[in-house]
2 protein chains.
Amino acid sequence: MDIRTYLDERRRLVEDRLADLMLEPIGAFAQHIEAMRYSLFAGGKRIRPVLCLAGAEAADSGEQTWRRALPVACALECIHTYSLIHDDLPAMDDDDLRRGKPTNHTVFGEAAAILAGDGLLTFAFDLLSGKASAALPDPTRIRIIQTIARAAGPLGMVGGQSLDMIHQGQRIEYEELRLLHRSKTGALITASVACGAMVAGAGEEQEAALRAYGDHIGLAFQIVDDLLDVEATTADLGKSAGSDSKSGKVTYPSLFGVATSRTMAREAVHEAVAALDRFDRQADPLRALAHYIVDRKK
Amino acid sequence: MDIRTYLDERRRLVEDRLADLMLEPIGAFAQHIEAMRYSLFAGGKRIRPVLCLAGAEAADSGEQTWRRALPVACALECIHTYSLIHDDLPAMDDDDLRRGKPTNHTVFGEAAAILAGDGLLTFAFDLLSGKASAALPDPTRIRIIQTIARAAGPLGMVGGQSLDMIHQGQRIEYEELRLLHRSKTGALITASVACGAMVAGAGEEQEAALRAYGDHIGLAFQIVDDLLDVEATTADLGKSAGSDSKSGKVTYPSLFGVATSRTMAREAVHEAVAALDRFDRQADPLRALAHYIVDRKK
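Attention in this report is confined to the structure presented alongside it.

Rules and cut-offs
- Residues numbered from 1 in each chain as written.
- Chains lettered and ligands numbered in written order.
- Predicted model: local features only at pLDDT ≥ 70, side-chain atom pairs only at ≥ 80, totals over all residues.
- Heavy atoms only, no water.
- Helix = DSSP H or I, 4+ residues; strand = E, 2+ residues; numbered from the N terminus.
- Rg over C-alpha atoms; globule rule 2.2 N^0.38 Å.
- Contact = heavy atoms within 4.5 Å.
- Areas by Shrake-Rupley, 256 points an atom, 1.4 Å probe, with all protein chains shown as cover.
- Buried area = accessible area lost by both parts, 1.4 Å probe.
- Salt bridge = Lys/Arg side-chain N within 4 Å of Asp/Glu carboxyl O.
- Polar contact = N/O pair within 3.5 Å; in protein donor to acceptor, adjacent residues only side chain to side chain.
- Nonpolar A, V, L, I, M, F, W, Y, C, P; charged D, E, K, R; others polar.
- Axes fitted to C-alpha atoms, helices over the stretch in contact; angles between N-to-C directions.
- Parallel < 35°, antiparallel > 145°, perpendicular 65-115°, else oblique.
- Left-handed = near helix turned anticlockwise from the far one by under 90°.
- Phe/Tyr/Trp six-rings, centres within 6.5 Å; stacked < 30°, edge-to-face > 60°.
- Core = buried A, V, L, I, M, F, W, Y, C linked by side-chain atoms within 4.5 Å.
- Buried < 20%, exposed > 50% of the residue type's maximum accessible area, 1.4 Å probe, protein only.
- Expected span 1.5 Å × (residues − 1).
- Bend = angle between axes of the 7 residues up to and from the residue.
- Least-squares fit on C-alpha atoms with pLDDT ≥ 70 in both.
- Disulfide = S-S within 2.5 Å.

Observations concerning the overall build of chain A
Now for step 1: When helices and strands are counted, chain A shows 15 helices and two strands.
Now for step 2: Expected size for 298 residues packed as a compact globule is a radius of gyration near 19 Å; at 18 Å, chain A falls within 12% of this value.
Now for step 3: Once the C-alpha set of chain A is aligned to its principal axes, its extents read approximately 50 × 50 × 35 Å.
Now for step 4: Put simply, 72% of the contacts in chain A that link residues at least 6 apart link residues at least 24 apart.
Now for step 5: Surface exposure of chain A reaches about 11,400 Å², of which carbon and sulfur atoms provide 49%.

In structure tokens form, the structure reads like this:
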């Protein structure tokens, strides 16, 4: 299969639905909504929403139920975007550039950026409980909300960002680094695939396999992120390159060197694909996405 | 009925359940959880959770279903606490004192405070979709999640805080001020009562009446908040008194004077109680709470 075409098509679906679902920048709250939209429509890779759709497709019973995962995919992108806005704040990583554009707070100010993040996080749960996702059965919605709240919460993404802040500039052990990544980025990636599976009505075993897939590509994704920070340019990335070594962050290349890190990423992809061995060709997009994740240049 | 005893009892129930449900400050994420707990257990008035319980009691069919509103009440308090942490940040109101204690960011630093807020907001949706609230039927949980996400979101509480930031130090019209209050504080107060009604399985008419009650006491609450900022001391309030006039905020007393503002608050309470006229004695706690809200000293 052609992963580029697949990605383009799926991204387009996500962009279109996001444009449909997102609040318009009109009325009394226009400025706040504008700040949310600025980062949400800044042209991200949309990896989490696409993983959600591909997860649904893998477990799909053949009636294109995967399309019902679109509002869930949009909610995941809202949550991911909120996390980028808050991570970039002066009090956190203090970054100026994201997705090739000035960061939210450099454009709208710090207060507005904090609130844009808060707004996107809250709006994600609005999408998951409102009309947007009304086609999903209530028990499925509850499970999805629970999965996302857990993955994004104090023992997941927020907790991971908190560990990252605490350890900034410190040397930490590999085990701690794994936990940091697993919570900061891995949890939401796994949740994205798992929520897709839930939409498609996957059985327990299927869902467990898709979660395993998510865990492995989450790891691969993080290693490649670290490698790109060393190897790519700021223009390629659309965010500041070399910022990890500047801030003294412990990364895969800093711990294991570039060559070993690349091998580890490939191994993680191999494991991810192996987790899908009971799936038929419907899981081909997930398989291709796994390879795409290590081969990407930004 | 004795409102003090009622409040003490209900607050105790909320405190106990919060203590049960909140994450323990152990393990890898202990510091993050500690920062969340610091503000959550700083001894707030717990008005929103008590309104939720009293709303459930008013519409209760007599089997103490109102007790099933406790996890919802706890989620509301998590959301309210997150909003206080973020409002107090240096980039927002830059306050040092809250609930009689140093604000979250003065104790844990700005990054940790932002994340503590994010964590509490996300955790609220965890409570509403997880085991804590599993006794509620799924359609009820979805409606409650939707109600809270809307009330706390870009067209509600976060949007209101954004308006507050935008208009800081500016003279604004009364109509704009009403919208600001309705979104910043009113929406979550009304949602608190409405969610209680949903737990108790209130009919449409009952729920609408309880929402009207919520709207009126939301207004009364705000006017009294403004009055207390003028009349009370910092020691009484547990947060900085006089901060509104210092920051040039438009308030009820600044627009209408103290005496007229007090009359407006009493009228709003009168309307709130009038909205309950089809309810029997089960709504007595709500009636008493309305009076308590204007008579409170902090």
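The rest of the description comes next.
Focus on the interface of chain A and chain B
Now for step 1: Taken together, the contacts link 47 residues of chain A with 47 residues of chain B.
Now for step 2: Both sides of the chain A and chain B interface together cover about 4,000 Å² of buried area, and 76% of this is carbon and sulfur.
Now for step 3: It is F29, I142 and P154 of chain A that lose the most area in chain A upon contact with chain B, and together they represent 17% of the buried surface on that side.
Now for step 4: Where chain A touches chain B, the interface holds two salt bridges.
Now for step 5: Its salt-bridge partner being R150 of chain B, residue D126 of chain A comes within 2.8 Å of it at the nearest N-O pair.
Now for step 6: Remark: the boundary between chain A and chain B carries 10 residue pairs in polar contact (both at pLDDT 80 or more).
Now for step 7: Of all the secondary structure elements, the ones that give two or more residues to the side of chain A that touches chain B are α2 (30-40), α4 (70-87), α6 (110-129), α7 (138-152), α8 (157-166) and α9 (174-199) of chain A.
Now for step 8: Element by element, the count of residues in the side of chain A that touches chain B is highest for α6 of chain A, at 12 residues.
Now for step 9: Tallied by class, the residues present in the side of chain A that touches chain B amount to 27 nonpolar, 14 polar and six charged.

Things to note about the environment of S254 of chain B
Now for step 1: Within the secondary structure, S254 of chain B is located in helix α13 (residues 252-256).
Now for step 2: Placed 187 residues apart in sequence, S254 of chain B and R67 of chain B show a C-alpha to C-alpha distance of 41 Å.

With respect to the packing of α6 of chain A against helix α6 (residues 110-129) of chain B
Now for step 1: Running from N to C, α6 of chain A and α6 of chain B cross one another at 20 degrees; their axes reach a closest spacing of 10 Å. By the angle class used here, α6 of chain A and α6 of chain B are roughly parallel. Considering only the axes of α6 of chain A and α6 of chain B, their crossing is right-handed. Counted together, E110, I114, D118, L121, T122 and F125 of chain A of α6 of chain A and E110, I114, D118, L121, T122 and F125 of chain B of α6 of chain B form the full contact between these two elements.
Now for step 2: Of the residues that constitute the contact of α6 of chain A with α6 of chain B, the class distribution is six nonpolar, two polar and four charged.

A look at the packing of aromatic side chains
Now for step 1: Inspection of the entire model under this criterion finds nine aromatic pairs over all chains.
Now for step 2: A ring pair is formed by Y252 of chain A and F256 of chain A, whose centres lie 6.0 Å apart and whose planes are at 25 degrees; its orientation type is stacked. Residue Y252 of chain A and its partner F256 of chain A are both found in helix α13 (residues 252-256); the two are separated by four residues, about one turn of the helix.
Now for step 3: Between the aromatic rings of Y38 of chain B and F108 of chain B, the centroid separation amounts to 5.3 Å while the plane-to-plane angle is 75 degrees, which identifies the pairing as edge-to-face. Of this pair, Y38 of chain B sits in helix α2 (residues 30-40) while F108 of chain B sits in helix α5 (residues 104-108); the two residues are 70 residues apart in sequence, bridging distant segments of the chain.

Some words on the environment of A208 of chain A
Now for step 1: Mapped onto the fold, A208 of chain A is located in helix α10 (residues 204-231).
Now for step 2: C-alpha of A208 of chain A to C-alpha of G153 of chain A: the two residues are 55 residues apart in sequence and 21 Å apart in space.

Notes on the nonpolar core
Now for step 1: Judged by nonpolar contacts, the single largest core of 210 residues is most densely connected at Y213 of chain A together with Y213 of chain B.
Now for step 2: Beyond its immediate sequence surroundings of up to four residues, Y213 of chain A is in contact with L51, V193, A272, A275, L276, L286, L289 and A290 of chain A.

Thoughts on the side chain of H167 of chain A
Now for step 1: Looking at the element boundaries, H167 of chain A is found in the loop between α8 and α9.
Now for step 2: The contacts of H167 of chain A, once residues within four sequence positions are left out, are I172 and E176 of chain A.

Considerations on the side chain of R141 of chain B
Now for step 1: In this fold, R141 of chain B is placed in helix α7 (residues 138-152).
Now for step 2: Residue classification places R141 of chain B among the buried residues on the basis of a relative accessible area of 6%.
Now for step 3: Apart from the residues within four sequence positions on either side, R141 of chain B is in contact with I142 of chain A together with L128, S129, G130, S133, A134 and L136 of chain B.

Thoughts on α9 of chain A
All names here are of chain A.
Now for step 1: For α9, spanning 26 residues, the distance from its first C-alpha to its last is 35 Å, which sits close to the expected 38 Å at 1.5 Å a residue.
Now for step 2: By the largest-angle criterion, G186 marks the main kink of α9, which is about 50 degrees.
Now for step 3: Of all 26 residues in α9, 20 are buried, a share of seventy percent or more.
Now for step 4: Following α9 by one or two positions, G201 has its phi on the positive side, about 70 degrees.

Points about α6 of chain B
Now for step 1: In this model α6 of chain B runs 29 Å from its N-terminal to its C-terminal C-alpha over 20 residues, within 8% of the 28 Å that 1.5 Å per residue would give.
Now for step 2: Counting buried positions over the 20 residues of α6 of chain B gives 18, a clear majority of the element.

Quick notes on unusual backbone geometry
Most peptide bonds take the trans configuration, and most residues that are not glycine carry a negative phi.
Residue and element names in this part refer to chain A.
Now for step 1: Positive phi is not limited to glycine here, since R99 has a value of about 55 degrees.
Now for step 2: Assignment of secondary structure puts R99 in the loop between β1 (97-98) and β2 (101-102).
Now for step 3: For R99, a relative accessible area of 17% translates into the label buried.

Focus: the relation of the copies chain A and chain B
Between the two copies of this chain, the relationship is a rotation about some axis together with a displacement along it.
Now for step 1: Superposing chain A onto chain B requires a rotation of 180 degrees together with a translation of 0.0 Å along the rotation axis, leaving an RMSD of 0.0 Å. Such a combination of rotation and displacement between the chain copies is what one expects of a two-fold axis. Of the C-alpha atoms belonging to chain A, the one lying closest to the rotation axis is found on D138 of chain A, 3.0 Å away.

Concerning the pattern of salt bridges
Now for step 1: Scanning the entire structure with this criterion turns up 38 salt bridges over all chains.
Now for step 2: Residue E207 of chain A pairs with R211 of chain A through a salt bridge whose shortest N-O separation is 3.4 Å. Here E207 of chain A pairs with R211 of chain A, and both are found in helix α10, just four residues apart, close to one helical turn.
Now for step 3: Its relative accessible area of 7% is what places E207 of chain A among the buried residues.
Now for step 4: The exposure class assigned to R211 of chain A is partly exposed, which follows from its relative accessible area of 30%.
Now for step 5: A salt bridge links E15 of chain B to R46 of chain B, with the nearest nitrogen and oxygen atoms 2.7 Å apart. Here E15 of chain B, found in helix α1 (residues 3-21), pairs with R46 of chain B, found in the loop between α2 and α3 (47-58); they are 31 residues apart in sequence, far enough to count as distant.

Details of the state of the cysteines
Residue and element names in this part refer to chain A.
Now for step 1: A complete count under the given rule lists zero disulfides over all chains for this structure.
Now for step 2: With no disulfide of its own, C195 lies 6.1 Å from the sulfur of C52, the closest cysteine sulfur.
Now for step 3: Judged by its relative accessible area of 0%, C195 falls in the buried class.

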